[in-house]
Every structure is written in structure tokens, then in C-alpha cells.
Amino acid sequence: MRGVRWRRVAGQFGRSIAVWAVSTLTMLALAAVLPDFRLQSADGDSATRIAITAGCGAGAFGVLSAVVWPLLVRLLLLVPALVLGLLVFFLNGSLLLLALRINPSGHGEAAPETAVIVAAVMSAVASATGAALAVRDDEAYRRRLHRLAARRRRSDPPCPTTPGLVFVQLDGVGHDVLLDAVRKGLMPTVARWLSTGDGVRSTGDGIRPTGDRSNGDGIRPTGELRTVDGIQSADDLPNVDGIRSTGDSPPPTHRLTPWRTDWSSQTGASQLGILHGSTFDVPAFRWYEKDRGEVMVCNRPTSAAELQRRAILRTGSGGLLTVDGASRGNLFSGGAGEQALVLSIAARRRGRENRSRAGYFAYFSDPANAVRTALSFVAEVAREIGQSVRARIRGQRPRVSRGGLYPLVRAFATVVERDVVVAAVMGDMLAGRTAVYADLVAYDEVAHHSGPCSRDAGKVLQRLDRCLALLERVAEHAPRPYRVVVLSDHGQSPGETFRSRYGLTLADLVRAGCGLHVPRRAERTRSGAEARAAVRAALRRPVEEKGEQQRPARRSEPIVLASGNLGLVSFPDVPHRMTKEEIDARHPALLTTLANHPGVGFVLVASEEHDGVVLGPHGAEIPLAKLDDQPGPLARFGPGAADAVCRTHSFPHTADIMVNSAFDPADGEVLAFEEQIGSHGGLGGAQSQPFLLSPLELSAPAAGEAELTGAERVHRVLRRWLDELNGPQVPLTDDTEDGDTEAGDPAPAAPEPGDTEPRGTEDERAA
């Protein structure tokens, strides 16, 4: 809390300096154009002397206005308003004359009538500057929104008194990255909720230990006193899960639970499962569907709409947010009645009930919001350019290109979308909505290009933590109590790109294995970060990406797509999923070339003899049915890898060949098939380990030591919490949770037709 107070003091001091500087420049400009206003002696002074005179005069005028003006207003309370309005100008002029008289240089002078004009202009400029800087202050911003919402709430019907739920998704923030940020003092709000970090204690209910910190995910305690962005972190003190503790802290309010994604560790699959309860037939971020002759891309509006339609059809439920819900900044709607910046509706014909960009118009229609975001946007562009130049000068490795339009894309993700989404969530809370789900993509975008554990990404986590603190303060003024749940959809694994290490792309390697011509110069694979799709949707620009045409130049040539460190190879001229035997007959060297390449961890392919097999180096060929006993190349990818591979194999649109990059457990690094040094989408390292941060008032996500696996399971947990808060608040028994069923859930206050949709995925888990 001391850090927060010092930050507020520093911010106020900085705003005061800025207002003083602008006032000084204004005084110099007025002295240059007004004949009866001088800042120099009759004999003339140097430019430095004139500047000092202007600075002292502006400072004295500001201090007098701040100290004397409130006293004068109190003395003049009985004066009629019209007379007081006229007196304001004369009083301001008198204060300016007094400021010039007490100026140490003694050279400033002005005619009385000119002093009135100068004082009025300087007051207006100072007020505008202070207002522009104040709108960037979270506390002032919160108070302002509260006043606006209070006026609106007086005309709205009363909302329920039961607690509402706000789900904030920190896109791409892994479980261990969150813990590391707490240890370093980058996220004081999360640390306070867990009652850990920054000198406060940790409890067994607050954090679940994940074992040895040097587990290959790239996050390790150093056992030494460090300084990160000016904040000290001492890891050598007594700790739980690497976080130091003391005995004089308040009890925790939240618990932190890790969960594990499917093979496709990316927002499209995870958010579809969280919001709509199904991740079936989402094998990757992008894949080719032979029956439709189309490349599906999760962040393309048409594809997102189709995936949402399939999930609703499969589960029979509209989604998590069907009852009085709001969806903000997501790929999918979750069945919410209130939607803004939702990609799945961006491609529809625009109407009153369907305006994906409505959040932008609602936000920027307020001039204060526009000023607040514009200033931050410019600062973020400058910050990215500076960080990129510094990384290049230092020769930082690994490194990817950060030029072109990327600074603008980053600023959009870390400033514009963040501000719009957070403002929309605050409005939902002040309006008393029952369930709100929002996605903040800022960290994910920066970590892709700077690295998940980089200083740049840590700065973004600091700002996201302030967003959480802002929402927490807004909840104090909401018409109903709120429980804030923070979660992530996946993590990110560091590592250089496949192209930078080997000088060729996965597509080049596949073409070589097929005996096709390989371009002399490898082309870069475009990044599929969510922020770029959000920018396109906001500008209503086409969302097709280069290299995602429906068919290759020749129908017999393979289509090679990348999703982080997961590659997919499809042969469009064959209507069904090809088997190993068919591929070997057509391209005898292809599977051997892929499986034995040092940058490839394993390959999944269908088999006429074994249904499906996993291929690895040195001729390893493990049938899926034997993976539990013989994990082969999957062993280094950790527990759950075999189940994830088997489930993906059962999908109708799984590619002919699924390629997962190599993974080094020692440092947690993978090789991305896209131009990203922080990637996700496949197996290996921290990308498969997101988190769920939930209030202790809610029942535990998983009973005992049971691991939370899959986004569909997370969906059922979130639905259970909504039932607890809006119906009898009776938590599930341990037996019920161990059975992974919702039979023991309390009946919701407003039953949804899809409460039974988890039963529809039992066949997937069996597969």
C-alpha cells in the first residue's frame, strides 16, 4: 500500500509540474503579443532571465490561486452569483498583479486591464491541462464514472441484491508468470488478494503449490534480493511456493488454482470452452476443413461465428452469460444480451441489437475518455519504439521484428482496447448486471514480441493490476455486491522461432519432404495475435491473412498452417483424413523428415492399423492406445499430454499431419512456427498452464488435489458459481466434484436450457 500511496503522490507532483510548465509557456506567449504586458526590464534582459521571470510568475500565480482563491470564495459566498461571476475576472487579475510584484526578478509588470486578460487565459490553459492529465488518473476517472452512473441509475429499475460475478480474463498470463509478478511486486492488487508477496503472508488456501519452481517453465526463484522496475523482491525469506511471507498480514480473499489446457492452448479453443462449454473440433488456432474447402481462423469474425454456432448446437445452451450477462472484448458472446467488441458478431449486418463496435462509439463519445486514451496511446507508441530500439542496441536474443505497424497495434491492444473494455465493465457493474466476462489482450500481444518474462511484459502486468484495483474500487459503489474472478485462457512459452534457428519454415520443411521446390529465401509466417484481429474489426477491414487462401496454387500441394508451436499439414485433394500408410505411399520421405528433424518434438497421424500413432525421432512409432504405458516422445511434455493428443485425434477436422515443435524441459523453451518469441497453441512448457483466481466465498474449483483440466471443466466451475450466488449458496460436496458432474449443483434462480450440456462431452473424454 505504501507503493500505491507514493505512486499517487508522484502522479500528483508530476501533474503539478506539467501545469506549471504549460503556464510558463502561456505567460511567455502572452508577453510576446500583448503590448502592456512585459516580463523584462526597460533595458532588456537575456532570454534566460525572461524565462526565469515567467517561471517564477507562473508559479506564484498558481500558488496564490490554490491558496488564496478558496478563501476568497468563502468570503464571497453571500455575493449574488452574477456579481461573483464578474468579480472572478478582477480577482484573478489582482492575483496576477500580486504574483508579478512578489516575483524575485522584479521585472514583470502589466496594466490592470491587461492583467485581467492574462489571468483569464492562464487560468483556462491551466485548467485544461490539469483536466487532461487528471483523466489519466484512475481514481479521478473512477469518481467521474461513478457520478455518471449514479445519474443513470436513478432512472433505472432496481437490480437484484444477490452478488454478481465479474470474470476478467488476462489473456496469455500463465500461472507461474502471475506468481513471479507477485513475487517481484509488479501486481500489488493480486498480492493483496492472495495475501502474499511484498512482505505479506501466504496461506494454504491462497496459493496451491505447484512443486519445484525450476520445472522448465522459465520461472525460478533466485534466492537473492533483486530490483525489478525499482521494486525490491526478496526470495530468500521464508516462503510458500517461492513467495516470502510474514505473520502480520490480513487474511487472503482469493485462492489461486492452476488449470491445464487441451493440446490447442490458444484463446479460440479456451474461450469457446469457457463461455460455451465445448472445445470439440477446435484442433488449433487455424486449420483447413476439407469438407468446406476453407481455412478456419479463430480470430476471423466469420470463423468465430461458425465456431460459436457449432458449440451452441452441440451443448444445447446459449452460453455462460445467457441470464443478464455482458460480453466485452471477447472472441465469442457467451450468450450475453449486452455485447461490445465481440468478434463473432463483427461480420453480421449491423443493427440495433448487433453492434460489435458499439463499445468504441460509447467510449469515445465522451471527450474526457478520448483525451485520456489519446495521451496514453501516444505514450505507448513512444514506449514501444524506445523498448524496440533498446533491445536492438543490446543485441537481445531471441528477437523478432517489431517495426511497421506493430507499435500502433501494440498501443491499440494495451491502451485503446484495455480502456474501452474496462470502462464497459465498470458501466456493467454500476448498472448491476449479473455476469460480466471481459478479455484484456494487452499482455498476450506484448509477450508475443518481447517475451513472456521480459521487462516489457512485466510493465504491462503492472498496468493490468491497476485495472483490477480500479474494478475493485468501482464495486464499492455498485448497486449490488460483486465477486471478481480473474483467470487466463493459456500461458506462453518462450523460445526463438523455428525459422530463426534453422533458416527455413515448417512449410519449407514439408515441401522438402514432399520433393517439391523450396524457396531459396524463407518467408515469414504471420503472427496470429488477437490484437490484430481486434484492430481489423474495429476498422471494419478485411480479415484475410496472407497465406490463408482456401487452396494452394496446385491442388495436390499440401496446405501448411501454424498455430504457435503447433503445425498442421493437410492435403486438400484428398477428401478424407489421410492415414500414415497413404502418406507414405504418396510421399515416402515426408513423415520421416518431420519426425527426425531436431526442431520437431512429435508428429500425430492417423493409421489404418492402429487408428492413430505418434511418431518421434529414431523411428519411434507409438500407437495411441499404448501411450499410457509407452509415452515415447510425449514423455518430456509432462502429464496430460497423451490425453490431449488422443482427444484431438478424435476431432473430425484434425489435420492429416499434426506437428508439435521440440520442447526443452530444462528452460521451458519451444520453437514457434510463427514469428513470435513468446508463443502458445501447442504442448510444451508454461503455455498449457493458465490460472483461475477466485474469491474464497465461492466453492473451491477442484476438490482436494484433483487437477482442473480443460476449458470445458472451467466452464462448469463458473456456471456452478453463478448458481451458488443466484440460488441457494450450497457448495458442492467433494464426492460430487470428484465425479466431475453437476448433479449436485443447487438449482439456479433462472434455469437455462443448457445446464446439462457437459454430459454431451463424455464421449470426447472417453476418446
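In this report, we go over the structure that sits alongside the text. Just so we're clear, the structure is a prediction, and the values are computed from it rather than from any experiment. (Residues numbered from 1 in each chain as written. Predicted model: local features only at pLDDT ≥ 70, side-chain atom pairs only at ≥ 80, totals over all residues. Heavy atoms only, no water.)

### Looking at the packing of aromatic side chains
Considering all chains together, one arrives at seven aromatic pairs under this definition. Considering the side-chain rings of F602 and F637, the 5.2 Å spacing of their centres and the 85° angle between planes classify their relative orientation as edge-to-face. Of this pair, F602 sits in strand β18 (residues 600-607) while F637 sits in the loop between β20 (621-623) and α20 (641-649); the two residues are 35 residues apart in sequence, bridging distant segments of the chain. F637 shares its class with F602; the two are buried. Every member of this aromatic cluster is reached through a ring pair, and the members are W263, F602, F637 and F663. Between the NZ or CZ atom of R314 and the centre of the ring of F280, over which it lies, the distance is 3.9 Å. (Phe/Tyr/Trp six-rings, centres within 6.5 Å; stacked < 30°, edge-to-face > 60°. Helix = DSSP H or I, 4+ residues; strand = E, 2+ residues; numbered from the N terminus. Buried < 20%, exposed > 50% of the residue type's maximum accessible area, 1.4 Å probe, protein only. Lys NZ or Arg CZ within 6 Å of the ring centre and 35° of its normal.)

### Observations concerning the nonpolar core
By size, the foremost hydrophobic cluster in this structure holds 63 residues, and its most contacted members are W263, V645, L692 and L718. Excluding residues within four positions of it along the chain, L692 makes contact with R255, L256, T257, W259, V485, V486, L487, P701, L708, V717, L718 and W721. L256, V425, C467 and L470 belong to the second-largest nonpolar core, a separate cluster that totals 53 residues. (Core = buried A, V, L, I, M, F, W, Y, C linked by side-chain atoms within 4.5 Å. Contact = heavy atoms within 4.5 Å.)

### Here we look at the pattern of salt bridges
Using the criterion set out here, one finds 30 salt bridges in the structure. E380 is the partner of R410 in a salt bridge, and the nearest nitrogen-oxygen pair spans 2.8 Å. Of this pair, R410 sits in helix α12 (residues 406-431) while E380 sits in helix α11 (residues 367-393); the two residues are 30 residues apart in sequence, bridging distant segments of the chain. According to the relative accessible area criterion, R410 is buried, its value standing at 0%. When the shortest N-O distance is used, the salt bridge between K580 and E621 registers 3.8 Å. Separated by 41 residues along the polypeptide, K580 in helix α18 (residues 580-586) and E621 in strand β20 bring together distant segments of the chain. Looking at E621, the relative accessible area reads 37%, which means it is partly exposed. When salt bridges that share partners are traced, they join E380, R383, E384, R390, R402, R410, D456 and R463 into one network. (Salt bridge = Lys/Arg side-chain N within 4 Å of Asp/Glu carboxyl O.)

### Digging into the sheet that holds strand β17 (residues 566-570)
The strand order β16-β17-β21-β18-β19-β20 describes an open sheet built from six strands, whose pairing is antiparallel. Every interior strand has two partners, whereas the edge strands, β16 (559-563) and β20, have only one. When strand polarity is set aside, the average angle formed by the axes of neighbouring strands in this sheet is 20°. The pairing of β18 with strand β21 (residues 657-661) spans five bridges and is antiparallel. Note that in β21 the partner of V603 across the bridge is V659. (Pairing = 2+ DSSP bridges. Axes fitted to C-alpha atoms, helices over the stretch in contact; angles between N-to-C directions.)

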